[in-house]
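Residue-level structural notes
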Amino acid sequence: MALKASLIVDKDFVLAEVDKRIYGSFIEHLGRAVYGGIYEPGHTAADENGYRLDVLDAVRRLNVPIIRYPGGNFVSGYNWEDGVGPREERKQKLELAWWTTETNQMGTNEFADWARLAGSEVMMAVNLGTRGVDAARNLVEYCNHPGSSYWSDLRIAHGYQQPHGFKTWCLGNEMDGPWQIGAKTAVEYGRLANETAKVMKWVDPNLELVACGSSGSSMDTFAEWEATTLDLCYDNVDLLSLHMYYNNHEGDTPNFLARSLDLDRFIGSVASICDYIQAKKKSKKKLHLSMDEWNVWKTQGSSRAEQRWQVAPPEFEDVYNLEDALVVGCCLITLMKHADRVKIACLAQLVNVIAPISTENGGPLWLQTTYYPYLHASLYGRGTVLHPILHSPKYDSKDFSDVPYVEAVAVYNEEAGEVTVFAVNRHLTEALELQTDLRSFGSVQVIEHHVLTHDDLRACNTKEAPNTVKPHLQSTEELQVDGGRLEIRLPKASWNVIRLKVKTIG
């Protein structure tokens, strides 16, 4: 007898509108994310500015709404002035976060140009490691002030008459991490973040500012860091950052596939801390969350310790397989389920470095398995998230109990007249029947059913075999919505996207 799960999707069970920025990403001056990734002068696919057009095309397909830049650990030692002005006058410098040589051929203006070509906003970060209030306010003036001031006139002199108008800014990066240049205590960071935020908003009152949470829930600083820093800067910031990475180093696939349950708990815990500080301060403002680094990160260690001061050496170029894509899919569903609090999320990173897009210097581009759930979520996960009423068979794993075999959520795009169901079948050997109740939508018709799966969980895409794991359209001939109910077969170990057209609302 086939395993069965059920999902009720009701148009009145509204959770929240999706902020499109939860499908954001991240580009850091790390490895080949910039040099050899988005920027490679002389490549046959490069335009006159050195931007790889094949990479731009792959990024545009994802419809990435916002991209965090320039770091990451990199930003805590970065002097932004090194990356503006005539390229021939820019100096190479030792980059201490990743022990490389930074050529500074890509900087603020070039990235702004690239992001416009990609159709993305920029989520800018300021250095609160080696620098602070003064450098941050000057950078805001350079980027956003229209003119008739020193820094804005310098931008104009550099060829950018119109301000960039960056709205969203990160106040440093992972400042509790001992690996961070200029790491700080919670009190030190909270005071600096508050003063920096205050002055940045004096330069541009329209800014949206993200304070650093701890570097992850496994940190000894976790929870106390969030509470202490927010107590000091709550009034002047708008979001709090969360970072989380997962891997399967133990080779325990059922446990690995359950990691999104940990993400769910992490988001809930941080939201509770924010609400505690709101209550303590008797504030009317509810702080939102920015999951501005998250992904599967398989590699550990780095070549930089043995071979220092290279220019853009390959770093953390993970090869992702099917099980990695399923975990990314489960995490995307979890982010949608927290759309009421998570307003920004950045898959880290976008090109080459733990990324969905891979390139070879002077060579081709190919797409990792993780590209596809990210693509589907970004394209079809816009609209209103509906509270999923899900009943599924469950299993226990090493670290988790009552793990549902089916992870699912639905998004209603009223403007397009579409409902999209995203679902992962975690079962490694059996398909599941998902019975979906759509009666509140009246007459509904199946548009298409995308499936990402493979017989081998370790199957991956490479330069030599770029299409080994890619989604296919499942036949919809037998998918009929009968009396408002739809029965969908979810293949074993699969990511599924079921798009439905609402013909008449019930």
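Above this note sits the structure.
For the structure given in this document, a descriptive report is provided here. What you are looking at is a predicted structure, and each value in this text was computed from that prediction instead of being measured.

Within the protein chain, the regular secondary structure consists of 10 helices and 25 strands. Against the compact-globule benchmark of 23 Å for 506 residues, the protein chain has a radius of gyration of 23 Å, which places it among compact chains. Seen through its principal axes, the protein chain has C-alpha atoms that stretch 70 × 60 × 45 Å. Every one of the 506 residues in the protein chain was classed for burial, and the buried ones make up 61%. Considering only intrachain contacts with a sequence separation of at least 6, the fraction spanning at least 24 residues in the protein chain is 77%. Accessible surface computed for the protein chain: about 19,400 Å², of which carbon and sulfur atoms make up 49%.

Strand pairing in a sheet is mediated by backbone hydrogen bonds. Such pairs are either parallel or antiparallel. The strand order across the open sheet formed by seven strands is β2-β15-β19-β20-β25-β22-β23, and the pairing between neighbours is antiparallel. In this open sheet, the two strands that pair with only one neighbour each are β2 (14-17) and β23 (472-474). Pairwise comparison of adjacent strand axes, ignoring direction, gives a mean angle of 25° for this sheet. Strand direction decides the pairing type here: strand β22 (residues 443-452) and β23, joined by three bridges, are antiparallel. Across the sheet, the residue bridging to V451 is H472, located in β23. Sitting on the sheet, helix α9 (residues 322-337) touches β2, β15 (384-386), β19 (406-413), β20 (418-425), β22 and β25 (494-504), and the angle it makes with β19 is about 50°. Along the sheet, helix α10 (residues 371-380) contacts β19, β20, β22 and β25; its crossing angle with β25, the most-contacted strand, is approximately 20°.

With respect to the helices and strands, the residue T108 is situated in helix α2 (residues 108-118). The buried category is assigned to T108, whose relative accessible area is 2%. Once you skip the residues sitting within four places of it in the chain, T108 turns out to touch Y69, G83, V84, M124, L139, C143 and F166.

A word on the nonpolar core. Formed by 158 residues in total, the largest nonpolar core has its most connected members in F111, W114, W169, L171, M291 and L350. Per-element accounting of this core gives the leading share, 11 residues, to α9. Other than its neighbours up to four places away in sequence, L350 contacts S25, F26, I27, V59, L62, I67, W114, A355, P356, I357 and Y374. Of all hydrophobic cores here, the second largest spans 11 residues; its members include M123, A125, V210 and I344.

Right, let's talk about unusual backbone geometry for a bit. With an omega of 0°, the peptide bond running from Y69 to P70 counts as cis. Position of P70 among the secondary structure elements: in the loop between β4 (66-69) and β5 (93-95). Residues G71 and G72 are joined by a peptide bond in cis, for which omega reads 10°. Here G72 lies in the loop between β4 and β5. The backbone phi angle of N352 is positive, close to 70°, even though this residue is not glycine. Within the secondary structure layout, N352 lies in the loop between β12 (342-348) and β13 (357-359). For I354, which is not glycine, the phi dihedral falls at a positive 35°. One can find I354 in the loop between β12 and β13. Residue class for I354 comes out buried when judged on its relative accessible area of 2%.

Another point: the environment of W366. The topology assignment puts W366 in strand β14 (residues 365-367). W366 gets classed as buried once you look at its relative accessible area, which sits at 15%. Sequence separation between W366 and E315 is 51 residues; the distance between their C-alpha atoms is 17 Å. Those residues in contact with W366, other than ones at most four positions away along the chain, are P356, I357, S358, T359, E360, N461, T462, K463 and P466.

So, on to the sheet that holds strand β1 (residues 3-8). Strand order in the open sheet formed by four strands is β16-β1-β21-β24, and the pairing between neighbours is mixed. Edge positions in the sheet fall to β16 (389-391) and β24 (485-490), since each of these pairs with one other strand and no more. On average, adjacent strands in this sheet sit at an angle of 20° to one another, irrespective of strand direction. The pairing of β1 with strand β21 (residues 432-437) spans six bridges and is parallel. Within β21, the position partnered with L7 by the bridge is T436.

To continue, consider the pattern of salt bridges. A side chain of one charge can pair with a side chain of the opposite charge when the charged atoms of the two come close. Throughout the structure, instances matching the rule amount to 30 salt bridges. With a shortest N-O distance of 3.1 Å, D82 and K93 are connected by a salt bridge. With D82 in the loop between β4 and β5 and K93 in strand β5, this residue pair connects regions lying 11 residues apart in the sequence. Here K93 falls in the partly exposed class, since its relative accessible area comes to 35%.

Bringing the packing of helix α1 (residues 53-62) against α10 into the picture now. At a closest axis distance of 8 Å, the pairing of α1 and α10 adopts a crossing angle of 50°. It follows from the interaxial angle that α1 and α10 lie oblique. Mapping the contact onto sequence places A58, R61 and L62 in α1 and Y371, Y374, L375, S378 and L379 in α10. Grouping the constituent residues of the contact of α1 with α10 by class yields six nonpolar, one polar and one charged.

Rules behind the numbers
Residues numbered from 1 in each chain as written. Predicted model: local features only at pLDDT ≥ 70, side-chain atom pairs only at ≥ 80, totals over all residues. Heavy atoms only, no water. Helix = DSSP H or I, 4+ residues; strand = E, 2+ residues; numbered from the N terminus. Rg over C-alpha atoms; globule rule 2.2 N^0.38 Å. Buried < 20%, exposed > 50% of the residue type's maximum accessible area, 1.4 Å probe, protein only. Contact = heavy atoms within 4.5 Å. Areas by Shrake-Rupley, 256 points an atom, 1.4 Å probe, with all protein chains shown as cover. Pairing = 2+ DSSP bridges. Axes fitted to C-alpha atoms, helices over the stretch in contact; angles between N-to-C directions. Core = buried A, V, L, I, M, F, W, Y, C linked by side-chain atoms within 4.5 Å. Salt bridge = Lys/Arg side-chain N within 4 Å of Asp/Glu carboxyl O. Parallel < 35°, antiparallel > 145°, perpendicular 65-115°, else oblique. Nonpolar A, V, L, I, M, F, W, Y, C, P; charged D, E, K, R; others polar.

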